[in-house]
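# A look at the structure
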Amino acid sequence: MSSIQERQQFKTMLTIAAVIVITVLAGEIKIIPFEDTTFRFALGSIVFLLSALVLRIPILVTGLMIAALIVPSRAFLFTLLHDGTFTEQIITHSPAAAFYLMYTVILVVGRIDKRKQKTMYLIVVAIAAEVVANCSEQLAIFIILGVSHLKPESIGMLIIVA
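The following paragraphs examine the structure supplied in this document. (Residues numbered from 1 in each chain as written. Predicted model: local features only at pLDDT ≥ 70, side-chain atom pairs only at ≥ 80, totals over all residues. Heavy atoms only, no water.)

Attention now goes to the side chain of Glu-130. Relative to the helices and strands, Glu-130 resides in helix α6 (residues 119–145). Residue Glu-130 is classed as buried on the basis of its relative accessible area, which comes to 13%. (Helix = DSSP H or I, 4+ residues; strand = E, 2+ residues; numbered from the N terminus. Buried < 20%, exposed > 50% of the residue type's maximum accessible area, 1.4 Å probe, protein only.)

Between helix α1 (residues 3–26) and helix α3 (residues 59–81), the least distance of the axes is 10 Å, while the angle of their chain directions is 45°. As summarised for this structure, α1 and α3 are arranged oblique, according to the angle between their axes. The interaxial crossing formed by α1 with α3 has right-handed handedness. Mapping the contact onto sequence places Ile-16, Val-19, Ile-20, Thr-23 and Val-24 in α1 and Thr-62, Met-65, Ile-66, Leu-69, Ile-70 and Ser-73 in α3. (Axes fitted to C-alpha atoms, helices over the stretch in contact; angles between N-to-C directions. Parallel < 35°, antiparallel > 145°, perpendicular 65-115°, else oblique. Left-handed = near helix turned anticlockwise from the far one by under 90°. Contact = heavy atoms within 4.5 Å.)

It is worth spelling out the packing of α3 against helix α4 (residues 86–93) at this point. The contact between α3 and α4 brings their axes to 8 Å, and the two run at 130°. Compared by their axis directions, α3 and α4 come out oblique. The element α3 and its partner α4 pack so that their crossing is right-handed. Taking contact as the criterion, the partners of Val-71, Pro-72, Arg-74, Ala-75, Phe-76, Phe-78 and Thr-79 in α3 are, on α4, Phe-86, Gln-89, Ile-90 and His-93. Across the contact of α3 with α4, the residue classes break down as seven nonpolar, three polar and one charged. (Nonpolar A, V, L, I, M, F, W, Y, C, P; charged D, E, K, R; others polar.)

Our next topic: the environment of Ile-90. Mapped onto the secondary structure, Ile-90 falls in helix α4. Residue Ile-90 is classed as partly exposed on the basis of its relative accessible area of 27%. Separated by 17 residues in sequence, Ile-90 and Ser-73 have C-alpha atoms that sit 9.1 Å apart. Those residues in contact with Ile-90 that sit more than four places away from it in its chain are Val-71, Pro-72 and Ala-75.

This is the structure:
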(Lines give C-alpha, C1' and ligand atoms only; values in the text may rest on other atoms or scores of the structure.)
Protein backbone atom coordinates (compact mmCIF):
# COMPACT_ATOMS: atom_id res chain seq x y z
CA MET A 1 0.00 0.00 0.00
CA SER A 2 1.39 3.38 -0.96
CA SER A 3 1.98 6.25 1.39
CA ILE A 4 -0.87 8.22 -0.21
CA GLN A 5 -3.31 5.33 0.25
CA GLU A 6 -2.21 4.90 3.87
CA ARG A 7 -2.78 8.59 4.56
CA GLN A 8 -6.20 8.45 2.91
CA GLN A 9 -7.15 5.38 4.93
CA PHE A 10 -5.96 7.05 8.14
CA LYS A 11 -7.93 10.20 7.27
CA THR A 12 -11.06 8.10 6.66
CA MET A 13 -10.62 6.30 9.99
CA LEU A 14 -10.22 9.63 11.81
CA THR A 15 -13.30 10.99 10.09
CA ILE A 16 -15.31 7.90 11.08
CA ALA A 17 -14.08 8.21 14.68
CA ALA A 18 -15.04 11.91 14.78
CA VAL A 19 -18.51 11.16 13.36
CA ILE A 20 -19.02 8.43 15.96
CA VAL A 21 -17.96 10.64 18.88
CA ILE A 22 -20.02 13.62 17.71
CA THR A 23 -23.05 11.42 16.98
CA VAL A 24 -22.86 9.79 20.41
CA LEU A 25 -22.56 13.18 22.12
CA ALA A 26 -25.33 14.73 20.02
CA GLY A 27 -27.51 11.74 20.89
CA GLU A 28 -27.47 12.97 24.48
CA ILE A 29 -29.25 16.18 23.48
CA LYS A 30 -32.86 15.03 23.66
CA ILE A 31 -36.32 16.48 23.20
CA ILE A 32 -39.05 14.49 24.95
CA PRO A 33 -42.37 15.46 23.28
CA PHE A 34 -44.70 13.31 25.41
CA GLU A 35 -44.99 13.10 29.18
CA ASP A 36 -44.35 9.78 30.92
CA THR A 37 -42.81 8.13 27.88
CA THR A 38 -39.56 6.63 26.75
CA PHE A 39 -40.05 8.23 23.35
CA ARG A 40 -37.69 11.10 22.52
CA PHE A 41 -35.94 12.85 19.68
CA ALA A 42 -32.20 13.28 19.82
CA LEU A 43 -29.75 15.08 17.58
CA GLY A 44 -27.51 12.04 17.02
CA SER A 45 -29.37 10.75 13.98
CA ILE A 46 -29.30 14.21 12.38
CA VAL A 47 -25.53 14.39 12.84
CA PHE A 48 -25.14 10.91 11.38
CA LEU A 49 -27.36 11.69 8.38
CA LEU A 50 -25.60 14.97 7.60
CA SER A 51 -22.20 13.31 8.00
CA ALA A 52 -23.24 10.52 5.64
CA LEU A 53 -24.33 13.09 3.06
CA VAL A 54 -21.42 15.51 3.36
CA LEU A 55 -18.42 13.38 4.28
CA ARG A 56 -16.94 10.49 2.38
CA ILE A 57 -17.54 7.83 5.03
CA PRO A 58 -18.74 4.26 4.66
CA ILE A 59 -22.30 4.48 6.01
CA LEU A 60 -22.62 0.81 6.98
CA VAL A 61 -19.34 0.63 8.93
CA THR A 62 -19.95 3.97 10.63
CA GLY A 63 -23.54 3.13 11.55
CA LEU A 64 -22.63 -0.29 12.94
CA MET A 65 -19.88 1.26 15.05
CA ILE A 66 -22.27 3.93 16.35
CA ALA A 67 -24.81 1.21 17.25
CA ALA A 68 -22.10 -0.76 19.05
CA LEU A 69 -20.70 2.22 20.96
CA ILE A 70 -23.86 4.17 21.82
CA VAL A 71 -24.96 1.64 24.44
CA PRO A 72 -21.75 1.39 26.50
CA SER A 73 -21.16 5.14 26.28
CA ARG A 74 -24.66 5.92 27.56
CA ALA A 75 -24.36 3.23 30.21
CA PHE A 76 -21.02 4.65 31.37
CA LEU A 77 -22.35 8.21 31.47
CA PHE A 78 -25.53 7.22 33.30
CA THR A 79 -23.58 5.10 35.80
CA LEU A 80 -21.37 8.09 36.58
CA LEU A 81 -24.25 10.51 37.03
CA HIS A 82 -26.94 8.31 38.61
CA ASP A 83 -27.45 5.22 40.70
CA GLY A 84 -27.32 1.77 39.17
CA THR A 85 -24.75 -0.65 37.90
CA PHE A 86 -23.08 -0.56 34.52
CA THR A 87 -24.69 -3.88 33.59
CA GLU A 88 -28.17 -2.56 34.44
CA GLN A 89 -27.51 0.48 32.29
CA ILE A 90 -26.30 -1.65 29.37
CA ILE A 91 -29.68 -3.40 29.41
CA THR A 92 -31.59 -0.15 29.86
CA HIS A 93 -29.83 1.61 26.98
CA SER A 94 -29.58 -1.36 24.59
CA PRO A 95 -32.70 -0.34 22.61
CA ALA A 96 -30.67 2.63 21.30
CA ALA A 97 -28.60 0.13 19.35
CA ALA A 98 -31.78 -1.05 17.62
CA PHE A 99 -32.44 2.54 16.57
CA TYR A 100 -29.01 3.06 15.01
CA LEU A 101 -28.96 -0.40 13.41
CA MET A 102 -32.31 0.18 11.70
CA TYR A 103 -31.43 3.78 10.82
CA THR A 104 -28.22 2.57 9.18
CA VAL A 105 -29.99 -0.20 7.29
CA ILE A 106 -32.52 2.27 5.86
CA LEU A 107 -29.78 4.70 4.80
CA VAL A 108 -27.76 1.91 3.16
CA VAL A 109 -30.75 0.28 1.44
CA GLY A 110 -31.89 3.74 0.34
CA ARG A 111 -28.41 4.30 -1.11
CA ILE A 112 -28.32 7.91 0.02
CA ASP A 113 -24.62 8.12 -0.73
CA LYS A 114 -25.41 7.55 -4.44
CA ARG A 115 -28.42 9.89 -4.64
CA LYS A 116 -27.21 13.08 -2.99
CA GLN A 117 -28.58 15.25 -5.80
CA LYS A 118 -32.16 13.98 -5.42
CA THR A 119 -33.49 16.19 -2.63
CA MET A 120 -37.03 14.82 -2.41
CA TYR A 121 -35.73 11.26 -2.46
CA LEU A 122 -33.34 12.06 0.41
CA ILE A 123 -36.16 13.64 2.41
CA VAL A 124 -38.34 10.55 1.97
CA VAL A 125 -35.50 8.19 2.94
CA ALA A 126 -34.58 10.35 5.96
CA ILE A 127 -38.18 10.41 7.18
CA ALA A 128 -38.55 6.66 6.62
CA ALA A 129 -35.29 6.05 8.50
CA GLU A 130 -36.46 8.15 11.46
CA VAL A 131 -39.91 6.57 11.65
CA VAL A 132 -38.74 2.97 11.21
CA ALA A 133 -35.78 3.41 13.56
CA ASN A 134 -37.92 5.05 16.25
CA CYS A 135 -40.51 2.28 15.97
CA SER A 136 -37.72 -0.31 16.17
CA GLU A 137 -36.35 1.33 19.30
CA GLN A 138 -39.81 1.41 20.88
CA LEU A 139 -40.30 -2.27 20.02
CA ALA A 140 -36.90 -3.08 21.54
CA ILE A 141 -37.84 -1.13 24.69
CA PHE A 142 -41.03 -3.16 24.94
CA ILE A 143 -39.27 -6.50 24.31
CA ILE A 144 -36.18 -5.91 26.45
CA LEU A 145 -37.60 -3.77 29.24
CA GLY A 146 -41.27 -4.71 29.06
CA VAL A 147 -42.22 -1.03 29.03
CA SER A 148 -44.43 0.82 26.59
CA HIS A 149 -45.68 4.31 27.28
CA LEU A 150 -46.21 5.07 23.62
CA LYS A 151 -49.92 5.40 23.02
CA PRO A 152 -51.59 4.90 19.60
CA GLU A 153 -52.19 8.63 19.20
CA SER A 154 -48.47 9.21 19.85
CA ILE A 155 -47.57 7.14 16.80
CA GLY A 156 -49.33 9.64 14.55
CA MET A 157 -47.35 12.43 16.22
CA LEU A 158 -44.15 10.42 15.67
CA ILE A 159 -44.83 10.29 11.94
CA ILE A 160 -45.73 13.99 11.76
CA VAL A 161 -42.67 15.14 13.73
CA ALA A 162 -40.27 12.86 11.83
